[in-house]
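So you can see what is in the structure, the chains are spelled out below.
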Amino acid sequence: CNPARRPAVMRLRLAQEGTHKHTSMVTAVGWSKNANKQYELFSCSDDKTIQKWHIEGSNEGQISTIDAYCTNMHWVPGGKGQSDTFSLACTDGTFRLIARAGREEKKVDAHRGAVICCRWNYDGSALATAGEDGALKIWSRSGMLRSTIAQLSHAIYSVAWSPDGEHILFASEKKICFKSIQAGQKQTEWKAHDGVVLQVDWSPVTNLILSGGEDCKYKIWDSYGRLQFTSAPLEHVVTAVAWSPNGRYFAVGAYNTIKLCDKTGWSYCRESPISGSIFSISWTEDGTQLAAGGGNGAVIFASLVNRTITWQYTDVTLQENNVIRIRDVANDATEELDFRDRVIDMSIGFGALVVTTNSQCHVHNSQNWATPHVEDLKEPPTLIVQSPFHFALVDSVGVHVYTYEGRLMSSIKSAGLRLEFLNHHTLTLCRDAVAMVDSANPKQVRLFDSASGRPMGDALEHKLEILTIALNLHGTGPDRKVAIMDKNRDLYLCLAHRGVFEKMASMVDAFVWNDATDMLCALADEKLMCWFYPGAAFVDKDLLPGLCYTRNAKDCGKSPYFVSFHGAHCTIRRADGANVQMVVPHFPLLLYQHFEKGHWEKAMRLCRYVKSPELWSCLAAMALHSRELVTAETALAAIDEVDKVHFISHINKLPDEVLKSAELALFCKRPEEAIGILLQNKRLYRAIKMYIRMHKWEPALDLAVQHKTHVDTVLAYRERHLAQMKHEENNPKFKRLGAEIPHDWDTVKAKIDEEKQNEKRRMVE
């Protein structure tokens, strides 16, 4: 761990009016944007009134009264965060659709007994309600009943939609239940708490489920019901939970308590407002502020302050009043940046600080923090993703790629992209490409050109749902690789232009690419694994185990993730929020320098000096990739790969580059590519002979018959092979052609010698 660097801890700054505008408990609160794109808060209470509040916490008056007690409210999701209607769940068994001005537009008799909760799906096309009668119902936007999803014997206290809107989560008794909205589907359920489950929430960004119950605990689950985190018991029952819109944090409410927690479960801060039990928590769409309704009639406003991000030796902290404090730990220097508008998000990396407000993007360079490049924005961004060469902003319109000089390079807009669900795990970019997991089909990765925004071929299709992707930051074009982790926690590597997945590891918690080389690190099964040259998976997969460095990582605990991988240093964040520093060997960094400059002799001298089998394996894979066969032969000999040395020696003796390329493709276990090279260059005999060497007799015969050449060669080799194996011919095609076409060895050898002479003549020409 690194206790020397202790930046300010993020906390909540609370505000509430001294005199409560509500005279009874506040049961529901909800944020929405008005026509001027300003946030407004609406609150409902057991005093049967609806109040409107300014974002700073001042009351703007009562907008309506209701003839029943309200238990829950939820705004209809609208375009660009704006909406004019919200739903109210009431104790008289109805739900109401209320306009922004307070007018009741519709009243629907929904349940016997109180309606406890109501929730719109993410596109606002369906409303789920549940109540004391144990029924869970789905309604249309206009309030027409579509279906009754479940009928239980006990009350349902909370509901949440899945990100795709095809499943719904609900809490009853001590269980959490999960069911498809399509008829006839089986219900999944599990025991979640030792007391009644009072609240659930499902983050569409991280796909994690949050629950709180009467056992005074809050827990985090994945979408398959596997427990990820459980808290220590609080002093009082957990009465409210809510994910932030970006999925990075969540808030927990209890009696006189609001906790702000990281997505992995550890707590940033605990505040103690004089509020009574917190019955409802709502976040602003930009995730910078939340509001809560208390049992004593209080409406609490809470802003996130002291948000801190780190890159190498630089700490950046967003303080109160939109002031960002930059601290250079190495040089013990401090600088402050003042922003006129409210800061929504910030990101630092690769020598640049990117700060976004509602209307602008500020790009600061580490060489001179005080003179940023400023770009006006049409929509407030929801996500910032950086690479060494440029960065991407995601808003409700598309993914926009900018240079660090503030120039817009491209905008990616594609039908079906659910941009609001993108996060750092599902969106990645590098020098020439942008990759994202398709929210509509999580088994697909879609690639786009970062300069033009156009799609780069077909989507990459995996067999399972993909949780995390990352593009390598080193190299260009043909060397572009995508690393993915699927729902089984298996790590795969894929060439962006080929779509072939190679498995690297199992039971993986997290992975990261090095920021300057092609090294790949993963945390798997309590070990740190570092592949010095993972591209070996597409050159010679047998070399992969040899170039993988492994060390114990038990100190990282459960559910760790990488913060950075710079040089030979890995920064890992544990589930309790502490950082762990781990170091991998630094010699591969020197090897990469020689590799990039083509200094193969220096690379071999380095390997001889270090005497590391991992480094020799790495050099062998690099040399094979670059077709430096002499270096590859030396490196393979150093790790006792005798059979491979012989094969490389055989390739070196071939008369021309076409044959060498084909044999090298065969060495890399890409026989189709090898055959294609030979056929493209009209080397029919060599293609036929390669099929024979691989014992693919029928393709060899079909190729010979198709081009009317060397049919007797195939028949002669087949006859000799069967004689050696003491087998008889049982293939009708070979039997028929063997009877029709003469094939003696002297004629075949003469034809082969003639082919080889022709190859030598072509070399001379």
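Before reading further, recall that the structure is shown in the block above.
Residues numbered from 1 in each chain as written. Predicted model: local features only at pLDDT ≥ 70, side-chain atom pairs only at ≥ 80, totals over all residues. Heavy atoms only, no water.

Caption draft 1: Geometry of the overall build of the protein chain. Along its length, the protein chain carries twelve helices and 55 strands. Dimensions along the principal axes, computed over C-alpha positions, put the protein chain at roughly 105 × 65 × 45 Å. In the protein chain, which comprises 765 residues, the proportion classed as buried is 55%. A fraction of 44% describes how many contacts in the protein chain between residues 6 or more apart in sequence connect residues 24 or more apart. Surface accessibility of the protein chain: about 33,000 Å² in total, with carbon and sulfur atoms responsible for 48%. Charge separation in the protein chain, taken as the distance between the mean sites of 89 positive and 90 negative side-chain charges, equals 2 Å. (Helix = DSSP H or I, 4+ residues; strand = E, 2+ residues; numbered from the N terminus. Buried < 20%, exposed > 50% of the residue type's maximum accessible area, 1.4 Å probe, protein only. Contact = heavy atoms within 4.5 Å. Areas by Shrake-Rupley, 256 points an atom, 1.4 Å probe, with all protein chains shown as cover. Lys, Arg positive; Asp, Glu negative; His and termini not counted. Charge placed at Lys NZ, Arg CZ, Asp CG, Glu CD.)

Caption draft 2: Molecular detail of the environment of Glu-719. As for its placement among the helices and strands, Glu-719 is situated in helix 10 (residues 711-725). The spatial distance from the C-alpha of Glu-719 to the C-alpha of Arg-761 is 31 Å, given a sequence separation of 42 residues.

Caption draft 3: Structural context of the layout of surface pockets. Here the second largest pocket defines a volume of roughly 660 Å³. Ile-55, Glu-56, Thr-288, Gln-289 and Arg-342 are, among the 33 residues lining the second largest pocket, the residues nearest its centre. Residue assignment for the lining of the second largest pocket shows that the elements contributing at least two residues are strand 1 (11-15) and strand 28 (299-305). Tallying contributions element by element places strand 28 first for the lining of the second largest pocket, with four residues. Per-class residue counts for the lining of the second largest pocket are eleven nonpolar, eleven polar and eleven charged. (1 Å grid on protein atoms, 1.4 Å probe; cavity = no way out; pocket = protein on both sides within 12 Å on 5 of 7 lines; lining within 4 Å. Points joined across faces, edges and corners; volume = space filled by probe spheres on them. Nonpolar A, V, L, I, M, F, W, Y, C, P; charged D, E, K, R; others polar.)

Caption draft 4: Local environment of the pattern of salt bridges. By the definition in use, this model includes 39 salt bridges. In this structure, Asp-67 engages Arg-96 in a salt bridge whose closest nitrogen and oxygen atoms are separated by 2.8 Å. Of this pair, Asp-67 sits in the loop between strand 5 (59-65) and strand 6 (70-75) while Arg-96 is found in strand 8 (residues 94-99), placing the two residues 29 residues apart along the sequence. Residue Arg-96 is classed as buried on the basis of its relative accessible area, which comes to 1%. When salt bridges that share partners are traced, they join Asp-540, Asp-542, Glu-641, Lys-644 and Lys-669 into one network. (Salt bridge = Lys/Arg side-chain N within 4 Å of Asp/Glu carboxyl O.)

Caption draft 5: Quick look at the sheet that holds strand 1. On the basis of which strands lie adjacent, the open sheet formed by four strands has the order 1-28-27-26 and antiparallel pairing. If you trace the sheet from one side to the other, it starts and ends with strand 1 and strand 26 (278-283), each paired once. Neighbour-to-neighbour, the strand axes of the sheet open up by a mean angle of 25°, direction not taken into account. Note that strand 1 and strand 28 share five bridges and pair antiparallel. Paired with Arg-13 across the bridge in strand 28 is Ser-303. (Pairing = 2+ DSSP bridges. Axes fitted to C-alpha atoms, helices over the stretch in contact; angles between N-to-C directions.)

Caption draft 6: Summary view of the nonpolar core. Leu-491 and Trp-531 are the most contacted members of the largest nonpolar core, which has 72 residues in total. Here Trp-531 is in contact with Leu-491, Met-504, Ala-505, Asp-518, Met-519, Leu-520, Ala-522, Leu-544, Leu-547 and Cys-548, once residues within four sequence places are set aside. By size, the runner-up hydrophobic cluster in this structure holds 30 residues, among which are Ala-662, Leu-666, Tyr-685 and Leu-701. (Core = buried A, V, L, I, M, F, W, Y, C linked by side-chain atoms within 4.5 Å.)

Caption draft 7: Structural context of the sheet that holds strand 43 (residues 444-449). An order of 41-42-43-44 is seen for the four strands of this open sheet, with the pairing classed as antiparallel. Two strands bound the open sheet, and with one partner strand each, they are strand 41 (427-429) and strand 44 (460-461).

Caption draft 8: A look at the packing of aromatic side chains. On inspection of all chains with the given rule, the structure shows 24 aromatic pairs. Aromatic pair Trp-75 and Phe-86: ring centres 4.8 Å apart, planes at 55°, arrangement tilted. Taken as a pair, Trp-75 in strand 6 and Phe-86 in strand 7 (residues 85-90) lie far apart in primary sequence, eleven residues in all. Owing to a relative accessible area of 8%, Trp-75 belongs among the buried residues under this scheme. Among the residues examined, Phe-86 registers a relative accessible area of 0% and is labelled buried. (Phe/Tyr/Trp six-rings, centres within 6.5 Å; stacked < 30°, edge-to-face > 60°.)

Caption draft 9: Spatial organisation of a positive patch on the surface. Residues Lys-597, Lys-602, Arg-605 and Arg-608 make up a contiguous surface patch of positive charge. Among the elements that take part in the positive patch, helix 2 (residues 600-610) stands out by supplying three residues, more than any other. Looking at where Lys-597 falls in the secondary structure, it is placed in helix 1 (residues 587-597). (Patch = residues over 30% accessible without salt bridge, like charges linked within 9 Å, V, L, I, M, F, W, Y side chains within 5 Å.)

Caption draft 10: Main features of the packing of helix 6 (residues 657-667) against helix 8 (residues 684-693). Axis separation between helix 6 and helix 8 bottoms out at 12 Å; the angle between their running directions is 25°. The angle between helix 6 and helix 8 places the two elements in the roughly parallel class. Seen along the crossing, helix 6 lies across helix 8 with a hand that is right-handed. Between helix 6 and helix 8, the contacting residues are Leu-659, Ala-662, Glu-663 and Leu-666 on the first element and Arg-686, Met-690 and Arg-693 on the second. (Parallel < 35°, antiparallel > 145°, perpendicular 65-115°, else oblique. Left-handed = near helix turned anticlockwise from the far one by under 90°.)

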